[in-house]
Amino acid sequence: MRLSPIHRSAASARAALRSIAYALKLVWRAGRARILISSATTTAISVLPLVTAWLTKVLLDHLMLPDAGEALVVIGVTLALAGAGMSVLPHLERHIRGLTERAVALVAQDRLYASLEVSVGISRFEKPELLDRIRLAAQFGGATPCLVVASMLGVAASAASIGGFLAGVFYLEPLLVVMLAVSLIPVFAAELKLSKARVATIRKIGPRERREMFFRMLLIDPKAAKELRLLGLSSYFRERMRRERIQANTETTKQERKEAGTQIILGLFTAIPAGLCLLWVLQRARTGAVSVGDVAFVLAAVAGVQTLVMRVVRELATIHHQLLLFQEYIDIINLPSDLPIQIKPVKVPPLTYGIEFKNVWFRYQDDGAWVLRGVDLFLPAGQTTALVGRNGVGKSTLIKILFRLYDPSRGVILWDGIDIRTFEVKELRRRMSAVFQDYMEYDLTVAENVGLGDLPNLADLTRVEKALAQAQAETFVAALPKGAETLLSRTFADDGDETSGFTLSGGQWQRLALARAYFRRDPDFLVLDEPSSGLDPEAEHDIHVRLQRYRAGKTSLLISHRLGAVRDADQIVVLDAGCIGEVGTHDTLMAFGGIYAHLFTVQAEGYQAVT
């Protein structure tokens, strides 16, 4: 149902109030004492101009009196103190604000990324539009609360000062107050409209900034450096980066030009009533109707009101602008889980029977093509199942839904006869281990790269050494400058330390990925996705012999395009176009003469010597 403008405005107001409340809560929890001090200093900074103007009026009026000696001293000292406050307090306020901003940014950042852990799957991280929103949430989640609170304090203090100035002017001539007040209405309306346009521009250029960042990182990526220079691609990607920045700059410039034009017109509009006020007070002074002090006060009041009003407008526009962007942060941290979570999950039993896929269908979008189509598959406990097939038939997808990174669109996956969706996700995954084809290379030490496989035992160096030995990585690790404590990163390398920032070859990284899988203590289920693709033939043979020993008696799923590595599996499953095409041992499938036999024969011919 389409809402009326009144209902839309009411809904926007309620959303703004919720955002303000959340921002205030963040700032208050990050540092109560700091926000109280900041409130006091902001109020003092805004009120001191009014005090100074009034004291100036009183001073000028007393100068005309013959016996005002002591009063002049008191007024002069008070003026000096007010001037000192105006000089010192802004610096104190900036310092307190800086402390508060850093404290709030820390709390907001932690909450943002903690909220992302609610998403137990990976679907959201594969959507560029959501990544744009997360980037905005990270950018404005920490900064916005302090800006909003500081702006609100500034508005309140400025409003108090404006009220004081207008009260003084009203005492002299009520009509002047009406003129000044009426001139401010279009200023508020225009600034709020500009604020919405700024947010729209930020969101519009978001994808361009993301692409620009991609090209920028690509140009300095060590992995990409060889190919970029070999193929002469650096200038091509630099130009792509440049085009994205130009387009973003064009949109930003268009918005800034609109803002500048609007604000110039508003400045001229507000100058008219201010000028009339000045002419009026000067004319009254010529006739003796007002004192010199009154003239000085009206001059200060007109200038002060204009300055403070523009500040209030800017602060309100900032609040409006920041709240619109802060909504991204609130939306992200309030995202529910991307997959259904059981309130009272079933305990995950040790795997003794097996894992069963029953009529499993899956597609990534509701209107997309089916990737898995009615898969029925049984992975017996204590046995090795090999999953083979051509590229793009759904092997990686099957692994994703097995780990509950996605849920099936239809059908069910059973763990010893129990639907895995009834388990607590973390507990289910603690009973699994994997070596992925696209394994991670963490910018950490060797020991940490291995120990991350079982986080509670990260510091167990004895187990790290054992896992390295199982992955046949102990030799090259021992040759590193600091052994297992060597930092494998250029990002975190220490300046002047030649032993930090060491890099590994692709095969060495793959051995560390294997060691990470070995480090996980007694998993019920092990997935090996192309575990030796980056190794030379001799190392590959050795790794497969070791893996064969390691997975003996364990429930495992082995995925490999090198069919010689899977021939000893207890059963081989051929996935074809998202369906189970064939199931059997190597010998039975070769005898059958189907897809597996064809793929194995073609691959074997490639290894035969050409005569």
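Below: a short report on this structure. Starting afresh in each chain, residues are numbered from 1 along the sequence in its written order. Since the coordinates come from a predicted model, pLDDT governs what is reported: local features require at least 70, and pairs of side-chain atoms require 80 or more to be given and counted, while whole-chain, interface and lining totals use all residues. As a convention, hydrogens and water are excluded, and side-chain values are obtained from all of the structure's heavy atoms.

Brief notes about the overall build of the protein chain
Condition: A helix here means a DSSP run of H or I that spans at least four residues, while a strand means a run of E at least two residues long, and both kinds are numbered starting from the N terminus. To get the radius of gyration, use the C-alpha atoms; to get the globule rule, take the number of residues to the power 0.38 and multiply by 2.2 Å. Any residue under 20% of the maximum accessible area for its type is buried, any over 50% is exposed, and the rest in between are partly exposed; the area is computed with a 1.4 Å probe on protein chains only.
Helix and strand content of the protein chain: 18 helices and 10 strands. Taking 2.2 N^0.38 as the reference for a compact globule, 611 residues should give roughly 25 Å; the C-alpha atoms of the protein chain span a radius of gyration of 35 Å, well beyond that estimate. In terms of overall dimensions, the protein chain has C-alpha extents of about 120 × 60 × 55 Å along its principal axes. By residue count, 42% of the 611 residues in the protein chain fall in the buried class.

What about the pattern of salt bridges?
Selection criterion: Salt bridges are identified by distance alone: a Lys or Arg side-chain nitrogen within 4 Å of an Asp or Glu carboxyl oxygen.
Evaluated as defined, the whole model comprises 18 salt bridges. The shortest N-O distance in the salt bridge between Glu-209 and Arg-135 comes to 3.6 Å. Linking Glu-209 in helix H6 (residues 185-219) with Arg-135 in helix H4 (residues 128-172), this pair joins segments that are 74 residues apart in sequence. Judged by its relative accessible area of 23%, Glu-209 is partly exposed. Sharing partners across several salt bridges, the network here consists of Arg-135, Glu-209, Glu-212, Arg-216 and Arg-245.

Some remarks on the packing of H6 against helix H8 (residues 234-286)
To be explicit about the condition: Orientation is described by lines fitted to C-alpha atoms, with helices fitted over the stretch in contact, and by angles between N-to-C directions that extend from 0 to 180 degrees. Angles are sorted into four bins: roughly parallel if under 35 degrees, roughly antiparallel if over 145, roughly perpendicular if 65 to 115, and oblique for all others. When residues are grouped by polarity, Ala, Val, Leu, Ile, Met, Phe, Trp, Tyr, Cys and Pro land in nonpolar, Asp, Glu, Lys and Arg in charged, and all others, Gly among them, in polar.
For the pair H6 and H8, the least separation of the axes is 9 Å and the interaxial angle reads 170°. When the interaxial angle is binned, H6 and H8 end up roughly antiparallel. Taken together, the residues that form the contact of H6 with H8 break down as 14 nonpolar, eight polar and 15 charged.

What about the sheet that holds strand E2 (residues 372-380)?
Test applied: For two strands to be treated as a pair, DSSP must find no fewer than two bridges joining them. A contact between two residues is defined here by any heavy atoms of the two lying within 4.5 Å.
The sheet built from four strands is open, its strands ordered E2-E1-E4-E5 with antiparallel pairing. Each edge of the open sheet is held by one strand with a lone partner, namely E2 and strand E5 (418-419). The pairing of strand E1 (residues 354-362) with E2 spans six bridges and is antiparallel. If you follow Phe-362 over to E2, its bridge partner there is Leu-372. Against the sheet, helix H10 (residues 395-402) contacts E1, E2 and strand E4 (410-415), and its axis sits at roughly 115° relative to E1.

Some thoughts on helix H2 (residues 32-63)
To keep it simple, the criterion reads: A helix is expected to reach a length of 1.5 Å times the quantity of its residues less one. Two axes define the bend at a residue: one fitted to the seven residues ending there, one fitted to the seven starting there, and the bend is the angle between them.
Over its 32 residues, H2 extends 46 Å from the first C-alpha to the last, a length consistent with the 46 Å expected when each residue adds 1.5 Å. The largest bend in H2 is about 30°, located at Val-47, with the proline Pro-49 one to four residues further on.

Looking at unusual backbone geometry
Although it is not a glycine, Arg-404 adopts a positive phi angle of roughly 60°. Here Arg-404 falls in the buried class, since its relative accessible area comes to 0%. Phi is positive for Ala-577, close to 55°, though the residue is something other than glycine. For Ala-577, the position within the fold is in the loop between strand E9 (571-576) and strand E10 (579-584).

Considering the packing of aromatic side chains
A ring pair, where both rings are aromatic, is described by two values, the distance of the centres and the angle of the planes. Going by this rule: Here a Phe, Tyr or Trp ring, Trp counted by its six-membered ring, pairs with any other such ring whose centre lies within 6.5 Å, and the pair is stacked when the planes are under 30 degrees apart, edge-to-face when over 60, and tilted otherwise. Cation placement over rings: the criterion is NZ of Lys or CZ of Arg within 6 Å of the ring centroid and within 35° of the ring normal.
Taken as a whole and assessed by the stated rule, the structure comprises 13 aromatic pairs. Plain terms: the ring middles of Tyr-353 and Phe-378 are 4.9 Å apart, the flat faces sit at 40° to each other, and that makes the pair tilted. On the criterion of sequence distance, the pair formed by Tyr-353 in the loop between helix H9 (292-333) and E1 and Phe-378 in strand E2 is long-range, its members being 25 residues apart. With 5.9 Å between their ring centres and 80° between their planes, Phe-403 and Phe-436 make a pair best called edge-to-face. One end of the pair, Phe-403, is in the loop between H10 and E4; the other, Phe-436, is in the loop between strand E6 (432-435) and helix H12 (446-451), with 33 residues separating them in the sequence. According to the relative accessible area criterion, Phe-403 is buried, its value standing at 6%. An aromatic cluster of three or more residues is present, and its members are Phe-214, Phe-215, Tyr-236 and Phe-237. The ring of Trp-361 has Arg-410 sitting right over it, with the charged end atom 5.2 Å from the ring centre.

Focus on helix H13 (residues 461-470)
A turn of α-helix holds 3.6 residues, and therefore any two residues three or four places apart point the same way. Where we set the bar: In this description, one arc is meant: the one made by directions from the helix axis to the C-beta atoms.
Along H13, the positions that sit buried rather than exposed are Arg-463, Val-464, Ala-467 and Leu-468. Viewed end-on, H13 has its buried residues packed into an arc of 140°, placing them on one side of the element. Away from its buried face, by an angle of more than 90 degrees, H13 presents the exposed residues Thr-462, Glu-465 and Lys-466. Contacts from the buried residues of H13 go to H12, helix H14 (474-478) and helix H15 (506-519). One or two steps after H13, the chain reaches Gln-472, where phi turns positive at roughly 55°.

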